[in-house]
Amino acid sequence: MLVNIVDRIADRVRRGYLSAFTLLLCSYILSFYTTQQLLKQANWLNHTNAIINNLNVLQSAVNDGESSFRGYLIIKDEKFLDRYKASIPLIDSLFLKLTALTSDNAAQLRKFDTLGNLIKDKYFLLSSGLAIFKKHNYQVTDSMKIFGYKGKKAMDDIRGLVFKLQNEESQPMLQRSQRLSSFYNFIKIINISSLIVAILLTFYSIVTFTKENKAKKQADLNAKEFREQLEMRVKELATVNKELVELRSIEKFAVTGRISRTIAHEVRNPLTNINLAAEHLRGEITPTPDTDLLLEMVTRNSNRINQLISDLLNTTKLTQLDFEKISLNKVLDESLKFAQDRLELKGIKVIKNYGTDLCYVLADTEKLKIAFLNIIVNAIEAMEPENGILHINTEVKNGQCTAVISDNGKGMNKEHLSKLFEPYFTTKQNGTGLGLAHTQNIIISHKASILADSEVGKGTSFTVSLKYV
């Protein structure tokens, strides 16, 4: 369920991002297009304004030239001709600009050629009149009047043509201004629409996120509760499994005890008869070295078998205990003292990590020392000299004092581990297989538990748990 919710949220987020990206892309394309159009129209407007302005300047230059000429005729001062002379190169420069601006318009170029010819005629009349004026001692003659009328007509033609050209440029400028305004309004519409859609998408995203996040939190809460229940069940299962292992160990111990008592009963009766027969034979036959040796072998092995049966019975019979309150840490320290020589001989390093609590238990101190000593000795023998590390940890947990004794020896496989506490089972060459069986007997007699865990190549760990008092 949680996976489906997460996938659904991811899909909606992806759709939101895709919609936003598409919107932004469309807005960008439209904005780019309209901006290019705006630039194009703006360039055309600038082009038209440049032509109109240059025409105005051109007409003003011609007017200045004519005014300067008339002032000279009246005042007869050469300074008045400065503006006349300056207007000539200015007019040439303006014509070059106007020609460049209208280079792509053949009709306009023809009209500008006509305008240029009119201006040349105007200035020819002005220069001719100026020459006649100077020739006749600065007097206005009839020929100058004729030139004046012709100049007035040329000037009127120039004004009319300039007005016509400006009017022709003004009409498309108005259309371009309207188109520019339309593009500007279109951009505003795009921006406003994009803003509205962005707000709607944001609102949708917030609503969707809030809704899905609420569902996700509920799913997370459900998953957490399920995980906690699962962990609790796992712990319960581990506890039950541990109890089951302990029950099996106790049952196995009880079964072994019953078998041991049965074997002892069935074997000791024949052994008694064998011993009696051996004693009777000693009194009936004439002693010789051979007969004495044979009878001694019978008696010695009979006693050995009897001792083995006694050891087995002692190992599988609940031990009588003398209880006293004692610290588990202290018992472990005293057990380590008994194994100190072995530890030093093999160069084993001991690392103790005792809990802060003194961890008091009701126990038979001497027998509990024997139990821990058997575990420590087995750990020492399982480790390599100079490389062995023995860890001893204690803690109080759930009303139990727990001691964990771990080594870094060769470890055991599962088959050997399952037979670990069985009498006469051993992996050592000279072992009897009764040490750990006796240890189990002592621990069970204390109504405590002992568990072993091992991994080949990593070592073995024994956990002993006694009731805390």
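If you're wondering where the values come from, they're calculated on a predicted model, not measured in any experiment.

Criteria and cut-off values
Residues numbered from 1 in each chain as written. Predicted model: local features only at pLDDT ≥ 70, side-chain atom pairs only at ≥ 80, totals over all residues. Heavy atoms only, no water. Phe/Tyr/Trp six-rings, centres within 6.5 Å; stacked < 30°, edge-to-face > 60°. Lys NZ or Arg CZ within 6 Å of the ring centre and 35° of its normal. Helix = DSSP H or I, 4+ residues; strand = E, 2+ residues; numbered from the N terminus. Buried < 20%, exposed > 50% of the residue type's maximum accessible area, 1.4 Å probe, protein only. Axes fitted to C-alpha atoms, helices over the stretch in contact; angles between N-to-C directions. Parallel < 35°, antiparallel > 145°, perpendicular 65-115°, else oblique. Left-handed = near helix turned anticlockwise from the far one by under 90°. Contact = heavy atoms within 4.5 Å. Nonpolar A, V, L, I, M, F, W, Y, C, P; charged D, E, K, R; others polar.

Colleague: Which parts of the structure should I look at to understand the packing of aromatic side chains?
Modeller: Think of a pair of aromatic rings as described by two things: how far the centres are apart, and how the planes are tilted against each other in angle. On inspection of all chains with the given rule, the structure shows zero aromatic pairs. The cationic tip of Lys 325 hangs over the ring face of Tyr 360; the distance from NZ or CZ to the ring centre is 5.2 Å.

Colleague: Teacher, can you tell me more about unusual backbone geometry here?
Modeller: Across residues other than glycine, the phi torsion is negative in most instances, and most of the peptide bonds are trans. Despite not being glycine, Glu 386 has its phi angle at roughly 70°, a positive value. Its location among the elements puts Glu 386 in the loop between helix H8 (365–382) and strand S4 (389–397). Given a relative accessible area of 59%, Glu 386 falls into the exposed group. Of note, the phi angle at Lys 447 is positive, near 55°, even though the residue is not glycine. One can find Lys 447 in the loop between helix H10 (435–445) and strand S6 (449–455).

Colleague: Help me out: how do you make sense of the packing of helix H2 (residues 81–101) against helix H3 (residues 106–135) in this one?
Modeller: Between two packed helices, both the angle of their axes relative to each other and the distance between the axes serve to describe the pair. At a closest axis distance of 11 Å, the pairing of H2 and H3 adopts a crossing angle of 165°. With respect to H3, the axis of H2 lies roughly antiparallel. Relative to H3, the crossing made by H2 is left-handed. Mapping the contact onto sequence places Leu 81, Tyr 84, Ser 87, Ile 88, Ile 91, Phe 95, Leu 98 and Thr 99 in H2 and Leu 109, Phe 112, Leu 115, Gly 116, Ile 119, Tyr 123, Leu 126, Ser 127 and Leu 130 in H3. Its residues assigned to classes, the contact of H2 with H3 shows 13 nonpolar, four polar and no charged.

Colleague: Got a minute to help me understand the environment of Pro 423 in this structure?
Modeller: Tracing the chain through its elements places Pro 423 in the loop between helix H9 (414–418) and H10. For Pro 423, a relative accessible area of 19% puts it in the buried group. Sequence separation between Pro 423 and Leu 434 is 11 residues; the distance between their C-alpha atoms is 5.2 Å.

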